[in-house]
Amino acid sequence: MSGTIEDFVKTLKEGSEPWLLLFDIDGTLVDTGGKGMAALQKTAVEVFGGDGPPLDLAGSTDLGILENLYVHFKIDATEEQTHRFFEAYHRHLEASLESNPADGRVLDGVIDLLEKLAQTENAQLGLLTGNTSLGAEIKLRHYGLGHHFTFGAYGSDRADRNLLGHIALERAFAMTGREFRSDQTLIIGDTPKDIGCAHAIGAKCLAVATGQFSAAQLEEAGADWVLGSLRDLTLG
Ligand SMILES: [Mg+2]
């Protein structure tokens, strides 16, 4: 499938093949107003005793971020330590989101798009996110989007985001009984890392300039399609 985003929408609505649409969370569905970053920093202080290095969160997986913290603090990565870190992180994340619920928001066009996709027979929704599975659940529940997603591939599965695509396809099959090919898969995200992980499995990437990257930067990074926001994805 090639062509414009309008061609894709037409295929999705009128074509005979199902499509798997895998959504990133931060910068794509929601803007937490920095609550994720705040929770990670509080967790680093609680567990490692310091802030650590500046964190590059855009498109990073939570396991990848933790690996960097292990290196920075010269701490051996053990399953127990990882469990302890994420237990504290989930606690701080929940508290941080609840502390000032007016901060952060669902991004433009997201609610309408997800509702329309739920009515679109050919569209199967899933997540492909750097968040841990529980972190994703906490954020989506907080913003009232949790009911749209029943499976995904997460930043608690692998540190390398490029390995998450195949996991998402396996989970899509386990959940729906449909075997989606990578060329029937669209990854929707806001960073060059989303584009990279889509192309790592031969999937398409729709990039949205609602995070830290401009439309020009996302085009430069090789996105198949770029939109200013998901409001511009018109399903009719
Ligand atoms: Mg993102």
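Residues numbered from 1 in each chain as written. Predicted model: local features only at pLDDT ≥ 70, side-chain atom pairs only at ≥ 80, totals over all residues.

Notes on unusual backbone geometry
In this structure, Lys74 takes a positive phi of about 55° despite not being glycine. Turning to its location among the elements, Lys74 is positioned in the loop between helix 3 (62-73) and helix 4 (79-99). (Helix = DSSP H or I, 4+ residues; strand = E, 2+ residues; numbered from the N terminus.)

Some details on the sheet that holds strand 6 (residues 185-189)
In spatial order, the strands read 5-4-1-6-7-8; together these six strands make up an open sheet with parallel pairing. The open sheet has two edge strands, strand 5 (152-153) and strand 8 (225-227), and neither has a second partner. As paired strands, strand 6 and strand 7 (residues 204-208) are joined by four bridges and run parallel to one another. Of the residues in strand 7, the one forming a bridge with Leu186 is Lys204. Most of the contacts of helix 8 (residues 192-200) go to strand 7, to which it runs at about 170°, and overall it touches strand 4 (123-128), strand 6 and strand 7. (Pairing = 2+ DSSP bridges. Contact = placed C-beta atoms within 7 Å. Axes fitted to C-alpha atoms, helices over the stretch in contact; angles between N-to-C directions.)

Here's the deal with the domain arrangement of the protein chain
For the protein chain, the assigned domains are domain 1 (5-32 + 105-232) and domain 2 (35-99). Its C-alpha centre places domain 1 at a distance of 24 Å from the equivalent point of domain 2. The interface is formed by 20 residues belonging to domain 1 together with 15 residues belonging to domain 2. Those elements giving two or more residues to the side of domain 1 that touches domain 2 turn out to be helix 6 (133-142) and helix 8. In terms of residues, the side of domain 1 that touches domain 2 owes the most to one element, helix 6, which gives four residues. (Domains from an automatic or database assignment.)

Structural notes on the environment of Gly33
Locating Gly33 in the fold gives a position in the loop between strand 2 (30-31) and helix 2 (35-48). Excluding residues within four positions of it along the chain, Gly33 makes contact with Asp103 and Gly104.

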